[in-house]
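As a plain string of letters, each chain reads:
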Amino acid sequence: AIEATAKIDGECVISVDAAVRNNNFLLNISNPVAENIKIGKNNTLKTTKANRSEHGIGTKNILRAVKKYNGAMIMECENKIFSIDIRLPLVNKEQN
């Protein structure tokens, strides 16, 4: 988010919203981007960067943690706003 907003002229805001609903922790992070980002299957980012191996490392680590704790993550990019929505269950797996 910080890297993406650094490429935009003028004031940029990285928005972080969190809430707890129905025994789930909900987190939304959104920020403006210079151009829309293509998002592939399984929440993979399509890059135009020359060094493709280093693009999206942060989101891959986030997705790994979300899966580890039985959560869900959705990435979207519309109208040059990139957003990640994360849901993590607060109920212990053994209590289900």
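Quick look at the structure, then.

Cut-off values and rules
- Residues numbered from 1 in each chain as written.
- Predicted model: local features only at pLDDT ≥ 70, side-chain atom pairs only at ≥ 80, totals over all residues.
- Heavy atoms only, no water.
- Helix = DSSP H or I, 4+ residues; strand = E, 2+ residues; numbered from the N terminus.
- Buried < 20%, exposed > 50% of the residue type's maximum accessible area, 1.4 Å probe, protein only.
- Contact = heavy atoms within 4.5 Å.
- Areas by Shrake-Rupley, 256 points an atom, 1.4 Å probe, with all protein chains shown as cover.
- Pairing = 2+ DSSP bridges.
- Axes fitted to C-alpha atoms, helices over the stretch in contact; angles between N-to-C directions.

### A look at the overall build of the chain
Link 1 in the chain: The secondary structure content of the chain amounts to two helices and six strands.
Link 2 in the chain: Helices and strands appear in the chain in the N-to-C order α-β-β-β-β-α-β-β.
Link 3 in the chain: Within the span of the chain, comprising 96 residues, buried residues form 24% of the whole.
Link 4 in the chain: Nonlocal contacts in the chain, meaning residues at least 24 apart in sequence, comprise 49% of its contacts between residues at least 6 apart.
Link 5 in the chain: Only carbon and sulfur atoms are counted for the fraction: they give 50% of the accessible area of the chain, which is about 7200 Å².

### Quick word on the sheet that holds strand β6 (residues 81-89)
Link 1 in the chain: If you walk across this open sheet you meet the four strands as β1-β2-β6-β5, and the pairing is antiparallel. The sheet is open, and its two borders are formed by β1 (15-21) and β5 (72-78), each paired with just one other strand. Each adjacent strand pair in this sheet contributes to an overall mean axis angle of 10°, direction not counted.
Link 2 in the chain: Strand direction decides the pairing type here: β1 and strand β2 (residues 24-32), joined by seven bridges, are antiparallel. Its bridge partner lying in β2, A19 is registered against L26.

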